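# Topology and contacts: notes
So you can see what is in the structure, the chains are spelled out below.
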Amino acid sequence: MRIDPHTHSTFSDGTDTPAELLVKASRAGLQVLGLTDHDTSVHLQAPATPGAFDPARPLSPWAENFGQALRAAGGLQAEIAVLPGVEISCDAPAEVGVHLLAYLPDLSRGHLQAIFDRAQETRRERLEAMIDLLSRDFPLHREQVWSKVAPGATPGRPHLADALVENGAFVDRSQAFAQVLHKRSSYYVPRWSPTIFEGIAATRADGGVPIIAHPFAARKGNKLSPDLFGDLVEAGLAGMEIWHRDHSAEERQLAAQLCEKYGLLASGSSDYHGRGKPNELGENLMPQATFEGILTQGASSLLTLRP
Ligand code: AMP
Ligand code: FE
Ligand code: FE
Ligand code: ZN
C-alpha cells in the first residue's frame, strides 16, 4: 500500500486545491493521501454555507460538491482514501520550532480548534507586520500578498515569498526564505505558537494521534534535542517522521534509533506543497504498520473517494 501521509493544499501554503492534489495523488499510484494543512481545520470540514460549485475556490473533500471539483481537476484514476490531519506549528525549548502532525482528531471536542483560532489571529497580524517591514526595501503590496492566500486559508511566510517572487525580487520560495524570510532575518516577525507539550495534549484530548514532522531538519534551522523525547513520549507522543527530504542520512538514523528506543510509530512523507517546493508526491511513504497504528488510536475516520 502506498501511503503519503503529509501534504499541503491551498488551505495553507500548498499551490494545489484539495481536488487537484487528490487527482495527482491517484495518478501517482497512492492509495492513501494525508491532507495536513498548517494550523487550521478548514480543509477537514464541509463549508458552512454550501454554495454553487466554483472551480477557482478551494473546496474540502468533505464538501457535498467535491465530486464536481475532482472531475474539473481531471478525475480520479483509482479509489483513494483521505487521511485527515493537521500540521501544528509548535515551540520547543531553546527557541526551536517544531511541527506536530495530528491525525484523525475529533475536532468537535474543541481543544485543537482553540489553538487554531488563536494561531490564525496571530498569523494575520504577523503577516501585516512582515509586509510593513519588507515593503520598505522590496517591491511588495499588501493586497497582492493577501491575494495569494486562498479564502479561509492559513496565511504564512510562503505567501510573502510568492508575492516577492512575482515581483522579481527572488527566483523562488527557497531563495526568498534563504535571504529574507528565515528566522534570523531582520524582516522576521515571530508569532504565537503552542508549546510542543500543549500541542500533544490538545491532540490527545481530541482523540488524535500526535506524530512529530521532520524533527531533526537542521538545514531548515529546526533541530529538536534528542534529550527531549523521554518527556515527549510521557506527554503522549505517538510517533515521528524518519523519511523526509529535510533529514540527512545521519538525521534519519537518529530518528530511527529514537523510534526503536521509545516504541514510536515511524513515518515518512513527501510534505508536498505543489509548485511551492521541489518535494514530489510519494517521494517518501508511511509504512503500513504505522498507518494501522494510527487507525487504531485515532478518534475519526478515513474518507474514501471513488472515481
Ligand atoms: P510560517 O508558518 O508562516 O512561519 O512559515 C513556515 C512555512 O514556510 C513552513 O510550513 C514551510 O512550508 C515553509 N518554509 C520554511 N522554510 C522554508 C524554506 N527554507 N524554503 C521554502 N519554504 C520554507
Ligand atoms: Fe508549509
Ligand atoms: Fe512542516
Ligand atoms: Zn508540512
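Relevant structure appears above.
Residues numbered from 1 in each chain as written. Chains lettered and ligands numbered in written order. Predicted model: local features only at pLDDT ≥ 70, side-chain atom pairs only at ≥ 80, totals over all residues. Heavy atoms only, no water.

## What about the coordination of the iron ion (ligand 2)?
In this structure, Asp-13 (OD), His-38 (NE2) and His-273 (NE2) serve as the protein donors to the iron ion (ligand 2), at separations of 2.1 to 2.2 Å. Of note, the iron ion (ligand 2) draws all its donor residues from one chain, in the sequence arrangement D-x24-H-x234-H. The iron ion (ligand 3) is placed at 5.5 Å from the iron ion (ligand 2). Residue Asp-13 is located in the loop between strand 1 (3–7) and helix 1 (18–27), and its partner His-38 is located in the loop between strand 2 (32–35) and helix 2 (66–72); the two are separated by 25 residues in the primary sequence. Asp-13 sits in the buried class, given a relative accessible area of 8%. (Donors = N, O, S within 2.8 Å, 3.2 Å for Na, K, Ca; no water. Helix = DSSP H or I, 4+ residues; strand = E, 2+ residues; numbered from the N terminus. Buried < 20%, exposed > 50% of the residue type's maximum accessible area, 1.4 Å probe, protein only.)

## Notes on the coordination of the zinc ion (ligand 4)
Within the protein, the atoms that donate to the zinc ion (ligand 4) are His-6 (NE2), His-8 (NE2), Glu-87 (OE) and Asp-271 (OD), at distances of 2.1 to 2.2 Å. Here the zinc ion (ligand 4) is ringed by four donor atoms whose angles at the metal span 81 to 172°, and the overall shape comes out irregular. Taken as a pair, the zinc ion (ligand 4) and the iron ion (ligand 2) show a spacing of 4.7 Å. Here His-6 is found in strand 1, whereas its partner Glu-87 is found in strand 3 (residues 80–92), with 81 residues between them in sequence. The burial state of His-6 is the same as that of Glu-87; both residues are buried. (Tetrahedral: all angles 85-135°; square planar, octahedral: opposite > 155°, others 65-115°.)

## Structural notes on the site of ligand 1
Around ligand 1, the structure places 14 residues, and the nearest of them are Asp-13, His-38, Arg-123, Arg-126 and Arg-157. At a separation of 2.9 Å, an oxygen atom of ligand 1 approaches a polar side-chain atom of His-38. Between ligand 1 and the protein, one listed contact pairs an oxygen atom with a side-chain N or O atom of Lys-277 at 3.1 Å. Of all the secondary structure elements, the ones that give two or more residues to the shell around ligand 1 are helix 3 (111–134), helix 5 (157–166) and helix 6 (173–181). In the shell around ligand 1, the residues fall into two nonpolar, five polar and seven charged. (Near = heavy atom within 4 Å. Polar contact = N/O pair within 3.5 Å; in protein donor to acceptor, adjacent residues only side chain to side chain. Nonpolar A, V, L, I, M, F, W, Y, C, P; charged D, E, K, R; others polar.)

## Looking at the nonpolar core
Formed by 30 residues in total, the largest nonpolar core has its most connected members in Ile-88, Ile-196, Ile-212, Leu-224, Phe-229, Leu-232 and Met-240. Those residues in contact with Ile-88, other than ones at most four positions away along the chain, are Asp-39, Val-98, His-99, Leu-100, Ala-102, Leu-112, Ile-115, Phe-116, Pro-194 and Thr-203. In this structure, Leu-21, Leu-22, Leu-30 and Leu-76 belong to the second largest nonpolar core, which totals 19 residues. (Core = buried A, V, L, I, M, F, W, Y, C linked by side-chain atoms within 4.5 Å. Contact = heavy atoms within 4.5 Å.)

## A short note on the packing of aromatic side chains
If you walk through the whole model with that rule in mind, you get three aromatic pairs. Each ring, one from Phe-138 and one from Phe-170, has its centre 5.6 Å from the other, and the planes form 45°; the classification is tilted. Highlighted residues: Phe-138 in the loop between helix 3 and helix 4 (142–147) and Phe-170 in the loop between helix 5 and helix 6, separated in sequence by 32 residues. With a centroid separation of 5.9 Å and an interplanar angle of 55°, the aromatic rings of Phe-216 and Phe-229 are classed as tilted. Of the two residues, Phe-216 sits in the loop between strand 5 (209–213) and helix 8 (229–235) while Phe-229 sits in helix 8, which places them 13 residues apart along the sequence. Just as Phe-216 is buried, Phe-229 falls in that class too. (Phe/Tyr/Trp six-rings, centres within 6.5 Å; stacked < 30°, edge-to-face > 60°.)

## Digging into the pairing of strand 7 (residues 265–268)
Of the two faces of strand 7, the one carrying Leu-265 and Ser-267 and the one carrying Ala-266 and Gly-268 are both buried. Direction of pairing for strand 6 (residues 239–243) relative to strand 7: parallel, over a ladder of four bridges. The residue bridging Gly-239 from the neighbouring strand is Leu-265, located in strand 7. (Pairing = 2+ DSSP bridges.)

## Observations concerning unusual backbone geometry
Of note, the phi angle at Ala-94 is positive, near 65°, even though the residue is not glycine. The topology assignment puts Ala-94 in the loop between strand 3 and strand 4 (96–103). One non-glycine residue, Asp-271, lies in positive phi territory at about 55°. Positionally, Asp-271 belongs in the loop between strand 7 and helix 10 (288–297).

## Details of the pairing of strand 2
Side-chain alternation along strand 2 places Val-32 and Gly-34 on one buried face and Leu-33 and Leu-35 on a second face that is also buried. For strand 1 and strand 2, the ladder comprises three bridges, and the chain directions are parallel. Paired with Ile-3 across the strands is Val-32, a residue of strand 2. Read from strand 1 through helix 1 to strand 2, the crossover connection turns out right-handed. (Right-handed = clockwise from strand over helix to strand, strands pointing away.)

## Observations concerning the pattern of salt bridges
Where charged atoms of side chains with opposite charge meet at close range, the side chains can pair. This structure, assessed with the given rule, holds ten salt bridges. The partner of Lys-24 in a salt bridge is Asp-16, and the shortest N-O contact between them spans 2.9 Å. Across the salt bridge formed by Glu-128 and Arg-142, the nearest N and O atoms sit 2.4 Å from each other. Here Glu-128, found in helix 3, pairs with Arg-142, found in helix 4; they are 14 residues apart in sequence, far enough to count as distant. Overall, the relative accessible area of 26% leaves Glu-128 in the partly exposed class. Several salt bridges converge on common partners, so that one network encompasses Glu-128, Asp-132 and Arg-142. (Salt bridge = Lys/Arg side-chain N within 4 Å of Asp/Glu carboxyl O.)

Fair warning: the whole summary comes from geometry, so function is off the table for now.
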